[in-house]
Amino acid sequence: MLNFLKPTYLVESIYDLSASELQDHGITTVLTDLDNTLLAWHNPDGTPELHEWLKQLHAAKIEVVVVSNNTWKRVGQAVAGLPVDYVAWSLKPLPRGIHQVLRKQKLNPAEVIMVGDQMLTDVWAAHSAGVRSVLVKPLVESDLWQTWLNRAIEKQVKKHFYGSATDLPWQKELVAADHSE
Ligand SMILES: [Mg+2]
């Protein structure tokens, strides 16, 4: 039950995903949520860590594409200084935005991974599109009204999967969070 919401991997931060590890998993393209996954609202230019991570992936020819539910204007402005492509208005948890990227870049779902901080949008959308998902810790705790209901539901889902809403078995790399399935 609810397995469509269960992330394939639990990793603390998107910056923990090293190029060599992604290559080991056959991943050529990293799809990522924008807000609270790639960038924090209070640090729109990104941290040195983010820029270093993007540089490392670029050198390994791994592409990064932002898949966001936000507007084209907002996402375009947010990623203007970053070497990433993007899809806005993606309607996660629907697979639409991810499908657009797969089609446009002629990618096989197996060579793609979707990273995000919300189970009800990012993880669900990944699985709807048939790609593996990585749940990360939000970069900052958000109190946006748009997300409070999702967060409340997510709390219950986390308890269901992990027995706790706060103490999840976070990893620093792509190892299956749960070997029992
Ligand atoms: Mg987010």
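Look up: the structure comes first, before these words.
Residues numbered from 1 in each chain as written. Predicted model: local features only at pLDDT ≥ 70, side-chain atom pairs only at ≥ 80, totals over all residues. Heavy atoms only, no water.

J.: Please clarify how the sheet that holds strand S4 (residues 85-87) should be interpreted in this entry.
T.: Strand pairing in a sheet is mediated by backbone hydrogen bonds. Such pairs are either parallel or antiparallel. Here six strands make up an open sheet; going across it, the order is S1-S6-S5-S2-S3-S4 and the pairing parallel. Two strands bound the open sheet, and with one partner strand each, they are strand S1 (9-10) and S4. As judged from the four bridges shared by strand S5 (residues 112-116) and strand S6 (residues 132-135), these two strands associate in the parallel manner. Its bridge partner lying in S6, Val115 is registered against Val134. Set on the sheet, helix H5 (residues 119-128) makes contact with S5 and S6; between it and S6 the angle comes to about 160 degrees. (Pairing = 2+ DSSP bridges. Helix = DSSP H or I, 4+ residues; strand = E, 2+ residues; numbered from the N terminus. Contact = heavy atoms within 4.5 Å. Axes fitted to C-alpha atoms, helices over the stretch in contact; angles between N-to-C directions.)

J.: Which parts of the structure should I look at to understand the pairing of S6?
T.: The side chains of a regular strand alternate between both faces of the sheet. When S1 meets S6, the two strands line up parallel, connected through two bridges. Counted as the bridge partner of Tyr9 is Val134 from S6.

J.: Looking at this structure, how should I read H5?
T.: Note on helix geometry: an α-helix contains 3.6 residues per turn, so any two residues three or four positions apart are oriented the same way. Counting buried residues along H5, seven of its 10 residues qualify, which places the element largely inside the surrounding structure. When we look at burial in H5, the residues that qualify are Met119, Leu120, Thr121, Asp122, Val123, Ala125 and Ala126. (Buried < 20%, exposed > 50% of the residue type's maximum accessible area, 1.4 Å probe, protein only.)

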